[in-house]
Amino acid sequence: KSVYDPTCGSGSLLLRVAKEVGDVSSFYGQEMNPTTYNLCRMNMIMHDVHYKRFDIKNENTLEKPQHEDLRFEAIVANPPFSAKWSASPLFMSDDRFSAYGKLAPSSKADFAFVQHMVHQLSDNGTMAVVLPHGVLFRGAAEGHIRKYLIEDRNYLDAVIGLPANIFYGTSIPTCILVLKKDRNKDVERSRNILFIDSSQHFEKVKTQNYLREEDINKLIDTYKNRTAEDKYSHVAQLTEVAENDYNLNIPRYVDTFEEEEPVDLAAVSKELREVAEALEVTDATIADYCNQLGIDTPF
């Protein structure tokens, strides 16, 4: 019934949820840029969302959250990648961060956004956040937060790898983290994390990569059914994740290595001999020209 985007931009993700679900009663979002904030509100009205059904705020989400007392059934976000934030020690008394024991580094606010979103998520809610791959394996404070989310809370439901160059403004490959607070309701599901590598499933359109309808459907079906497929998806038990020291780098779980054809060394050797013979003929021709011109050879 409620959807929230803490970095809502022009509101496209909020509207996408409404399009897919079709029965969203209220929209909430926060955007730091005043121009984009106003654009978001106009976008809502232009898409037939009555002004009483949305509450968009203009403020810095991490430093001054505007919906802190509310909880949402769906949270979606594409935060600015590895943005800087204050990481002030004062946040250690903030309910959004205090339980983790550590803050995301000031140079990379990725996990600060994740922590904020988890705090705002209702007990029956689902959140999906687009992030750079670094959040999957970086250590120090980020590794500590990642371990807490998996080992202590067991909120992480799936890790989805996306193709590179599918977002305007950045060409780096990205991933989606899906988190749910009620995973323990399903005993089997609560014991594992689904990994999907969709990085090779796309179509190149001019300079931009594009997820086709079949790519999206395959990804969604795999997530819904939690199926394991060779070179595409893997259902990792929590014990396996723990053995990897809570490193979520997708190639650790989904092996996409393609074995190449064996090299015919005899053929390569023959080709190199032919090249060497051709070079000798060329060198002799050059030497003859140099002799006729009365200059030294270049070799």
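The following refers to the structure shown. (Residues numbered from 1 in each chain as written. Predicted model: local features only at pLDDT ≥ 70, side-chain atom pairs only at ≥ 80, totals over all residues. Heavy atoms only, no water.)

### Focus on the sheet that holds strand β1 (residues 2-5)
Here comes step 1: Strand order in this open sheet of nine strands is β3-β2-β1-β4-β5-β7-β6-β8-β11, and the pairing throughout is mixed. What marks the edges here is a single partner per strand, and that holds for β3 (54-58) and β11 (233-237). Averaged over all pairs of adjacent strands, the angle between their axes in this sheet comes to 15°, without regard to strand direction.
Here comes step 2: Pairing analysis gives four bridges linking strand β6 (residues 156-161) to strand β8 (residues 192-197), with the strands arranged parallel. If you follow V159 over to β8, its bridge partner there is F195. (Pairing = 2+ DSSP bridges. Helix = DSSP H or I, 4+ residues; strand = E, 2+ residues; numbered from the N terminus. Axes fitted to C-alpha atoms, helices over the stretch in contact; angles between N-to-C directions.)

### Considerations on the pairing of β3
Here comes step 1: Sheet analysis places strand β2 (residues 26-31) next to β3, joined by five bridges and oriented parallel. In the sheet register, E31 faces β3, and the bridge partner there is N58.
Here comes step 2: Remark: the β2/helix α2 (residues 34-46)/β3 crossover connection has right-handed handedness. (Right-handed = clockwise from strand over helix to strand, strands pointing away.)

### Quick notes on unusual backbone geometry
Here comes step 1: For R226, which is not glycine, the phi torsion reads 50° and is therefore positive.
Here comes step 2: Here R226 shows up in the loop between α6 (213-225) and β11.
Here comes step 3: Overall, R226 belongs to the buried group, its relative accessible area being 15%.
Here comes step 4: The phi dihedral of D245 falls on the positive side, at around 55°, and the residue is not glycine.
Here comes step 5: The topology assignment puts D245 in the loop between α7 (238-243) and α8 (265-293). (Buried < 20%, exposed > 50% of the residue type's maximum accessible area, 1.4 Å probe, protein only.)

### Here's the deal with α8
Here comes step 1: An ideal rise of 1.5 Å per residue puts 42 Å on 29 residues; α8 measures up with 42 Å between its terminal C-alpha atoms.
Here comes step 2: At the N-terminal boundary of α8, the capping side chain belongs to D264, with an oxygen 3.2 Å from the backbone nitrogen of A266.
Here comes step 3: G294, located one to two residues past α8, shows a positive phi value of around 75°. (Expected span 1.5 Å × (residues − 1). Polar contact = N/O pair within 3.5 Å; in protein donor to acceptor, adjacent residues only side chain to side chain.)

### Topic: the packing of aromatic side chains
Geometrically, a pair of aromatic rings is defined through the distance of the ring centres and the angle of the planes.
Here comes step 1: Under the counting rule described, the total for this entry stands at seven aromatic pairs.
Here comes step 2: Ring geometry for Y4 versus F72: centroids 4.5 Å apart, planes at 20°, classification stacked. One end of the pair, Y4, is in strand β1; the other, F72, is in strand β4 (residues 72-77), with 68 residues separating them in the sequence. Take Y4 and F72: they sit in the same class, and that class is buried.
Here comes step 3: Grouped by ring-pair contacts, the aromatic residues Y4, Y28 and F72 constitute a single cluster.
Here comes step 4: Positioned above the aromatic ring of Y232 is the side chain of K218, whose terminal nitrogen or guanidinium carbon lies 4.3 Å from the ring centre. (Phe/Tyr/Trp six-rings, centres within 6.5 Å; stacked < 30°, edge-to-face > 60°. Lys NZ or Arg CZ within 6 Å of the ring centre and 35° of its normal.)

### Considerations on the environment of V241
Here comes step 1: With respect to the helices and strands, the residue V241 is situated in helix α7.
Here comes step 2: Remark: the alpha-carbon pair of V241 and R252, spanning eleven residues in sequence, is separated by 9.4 Å.
Here comes step 3: Each residue touching V241, except ones within four places of it in the same chain, is listed here: I150, I193, F195, A236, Y246, N247, L248 and Y253. (Contact = heavy atoms within 4.5 Å.)

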